[in-house]
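Residue-level listing of the chains:
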Amino acid sequence: MCTYVKKVLIGILLAALLLTIPSAFQRIQIEESNKKIETIVPFKLTTNWLIDDPSLTLDGILSDFKNTGIQSVSLEPDTISSLERKGLITAVSTSRMREHLLLTQQDPLEAPFDKTGLFIHSNGSFDFEETTAGFFEEKFTFTVNDEAYTYIPGAADKILSVPVGYDPEVIASIQEAGLMVVPRLGDYSDEEQTERMIEELLSIKEPGVEKILFSGNYAPVYSDPERLKEFGEQLKEAGYGLMSIEFAGQKGLNQLAYINDLNLVRLHSLTVEDGNIAESADKIVRAAKERNMRAFFINMDQPEYNLALTALQELQADVNNNMPDSFVRGESRSFETYSVPLWQTAMALLGAIAFLTLAAQYVFKTNRLTLLALIGSALAAAIYLVTGQSMVLKAFALAVAVTAPIWAVLLKKEPQKKWYLIRSYAQALSIAAIGIWLIVVLLNGNQYLLGIDLFRGVSLIYIIPIAFIAIYAVWGNIRKLLKMNVIYWHMAVIALIAGVILYYMSRTGNAGQVSAIELQVRLMLEQLLYVRPRTKEFLIGFPLFILALHMVKSYPKAYYFLLIPGVIGFLSLVNTFTHLHIPLLISLLRSGYSIVFGFIIGLVLIWLYETVWKKMITMIRMRWQA
């Protein structure tokens, strides 16, 4: 590639970085303007408490919730079973009714009452017949001792699970206590039940009933695309916002979110037990700071109300003590809607084309592969501009994410120049930063901020750069390596690299293993630094990269092999910013700590190498020569 073309590509890349500044700045503004967090407790807890302790009152419990700092109470539709627990009805199975008639010497059950089913009696002023009108295909009236029962044939557990509707008296009590109501709704196996509950949900919409939280793994009517679209329009017209439970992956929710103009709040659900109150508080604070969670669903594990209230008070106090002052309690809301202008996306694409082309030329040093990278990326950009398919942007982001760490560590090293170590480290970080910037502006918008749409290919970022650098290190030295005599420091380097990679593999992903000691260190770092740096960066990747830069002067072969674990720091750095639901400022702060601490630890490794390692090698050589 001629110098002129390189200059043009560099100019395009710099122009893209400058012209897309508003896109990243807009994201930061929107993230920082939404700092209200909402705590939600389920109403179903109160039913059990009221039954177990008759001295309690609903108003008293709700008042305690309010005073503890709770903002909302989630409410599920009543079922036949919950009506019985509340004492509004009495449900008797066919077998129990048969026994009762036998003991009281009354006539035995005859058709149609002799089949499996439930006999339901209304208690007090509650009218079960009227409440469940139209709910069952078959219903019969049965009288025993002048008491009227409604007989429903069928399996008892299935009848007891039939949803009835939201209790208007409970809704009124929650709102009178100054709390908000978050209705819950699931996808029932019976289509008529689902439709009936959707109508019920729409009918209770009023101020103070603002967001809906789905139950189970599926949104209502998720299996019928046309009905799902209609349901989304109904929710939007009614004014309902949506809530997304972290890690739940509820099917149909994303489609509803798009229909509802991404009016959605991210929610973290956790169970609070007596032994994990401090840990739960840490999880809440971390989720709010680091993952844009704005609502928290608290399940209490304590069976007794006094114990549950004490645990809730301790939890809220711990959260208040550790939550940054920028966060306040209140009604959670979705992030302000924003979109990236097409011209800024086009500039980001141009920047990505230039970045990938320059990387191909530098790494492979062949015009054929460079031209292939230029033409291929340009065609992909054209496809996006014509079709608007987000998968094209994701493919660009993935290509940049995989390329940036490789290019960063393979930059030309000039150890003879002044400030070589700092200069080389800064240059590598600059390449990674350019790649990160392009990813951030390519995948920008509410859908990424809310986790509705994601960066794709995270596992490839962890694999490809390491594999590429390993092949790169071996390929150019394969003949020399096969003929070399293996000596102690070779074995030490191999052992170091193997140990680092094994540790790295055990730590990668959400299921990575973390020791109890490391958890304590993590917590300490978070308390001291607001957000902790990533271990793979400041303890592994960056220090070993600094050591590799130092060793290029005396042991060039060892330098290439130390780049294998060294690239981990850069791929992890890039990977941090592919988690698009994490606030941008948090990722910047975390990465800043990793860069600085990694450099310092790298200098310590150099000192150990010069003062300890070389002396050990000299002593070993002298001993063997003797």
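Nothing here was measured: the structure is a model prediction, and the numbers come from that model.

A. How the structure looks around the packing of aromatic side chains. Overall, the coordinates contain 23 aromatic pairs when judged by the stated rule. Pairing Phe113 with Tyr151 gives two aromatic rings, centres 5.4 Å apart and planes at 65 degrees, and the pair type is edge-to-face. Of this pair, Phe113 sits in the loop between α6 (94-103) and β5 (117-122) while Tyr151 sits in strand β7 (residues 147-153); the two residues are 38 residues apart in sequence, bridging distant segments of the chain. By relative accessible area, Tyr151 is classed as buried at 0%. Three or more aromatic residues joined by ring pairs make a cluster, and in this case those are Phe113, Phe119, Phe140, Phe142 and Tyr151. Lying over the aromatic face of Phe297, Arg184 brings its terminal NZ or CZ to 5.2 Å of the ring centre.

B. Up close: helix α24 (residues 535-551). Its 17 residues give α24 an end-to-end C-alpha distance of 23 Å, which sits within 8% of 24 Å, the value for a rise of 1.5 Å per residue. At Gly541, α24 shows its maximal bend, which comes to roughly 30 degrees, and the proline Pro543 appears one to four places after that position. With 16 of 17 residues buried, α24 is to be regarded as a mostly interior element.

C. The arrangement of the nonpolar core in detail. If you look at the biggest cluster of nonpolar residues, it comprises 80 residues, and the most contacted ones within it are Phe355, Phe396 and Phe570. Apart from the residues lying within four places of it in its own chain, the contact partners of Phe396 are Leu349, Ala352, Ile353, Leu356, Ser377, Ala380, Ala381 and Leu442. Formed by 66 residues, the second largest nonpolar core is a distinct cluster that contains Phe214, Ala287, Phe327 and Tyr338.

D. Structural view of the layout of surface pockets. Approximately 530 Å³ is the volume attributed to the second largest pocket. Lining the second largest pocket are 21 residues; nearest its centre among them are Asp78, Lys86, Leu88, Asp167 and Glu169. Those elements giving two or more residues to the lining of the second largest pocket turn out to be α3 (44-52), α5 (80-85), β8 (163-165) and α9 (168-176). Tallied by class, the residues present in the lining of the second largest pocket amount to 11 nonpolar, four polar and six charged.

Basis of the calculations
Residues numbered from 1 in each chain as written. Predicted model: local features only at pLDDT ≥ 70, side-chain atom pairs only at ≥ 80, totals over all residues. Heavy atoms only, no water. Phe/Tyr/Trp six-rings, centres within 6.5 Å; stacked < 30°, edge-to-face > 60°. Helix = DSSP H or I, 4+ residues; strand = E, 2+ residues; numbered from the N terminus. Buried < 20%, exposed > 50% of the residue type's maximum accessible area, 1.4 Å probe, protein only. Lys NZ or Arg CZ within 6 Å of the ring centre and 35° of its normal. Expected span 1.5 Å × (residues − 1). Bend = angle between axes of the 7 residues up to and from the residue. Core = buried A, V, L, I, M, F, W, Y, C linked by side-chain atoms within 4.5 Å. Contact = heavy atoms within 4.5 Å. 1 Å grid on protein atoms, 1.4 Å probe; cavity = no way out; pocket = protein on both sides within 12 Å on 5 of 7 lines; lining within 4 Å. Points joined across faces, edges and corners; volume = space filled by probe spheres on them. Nonpolar A, V, L, I, M, F, W, Y, C, P; charged D, E, K, R; others polar.

Function-wise, these values are silent; they only describe arrangement.
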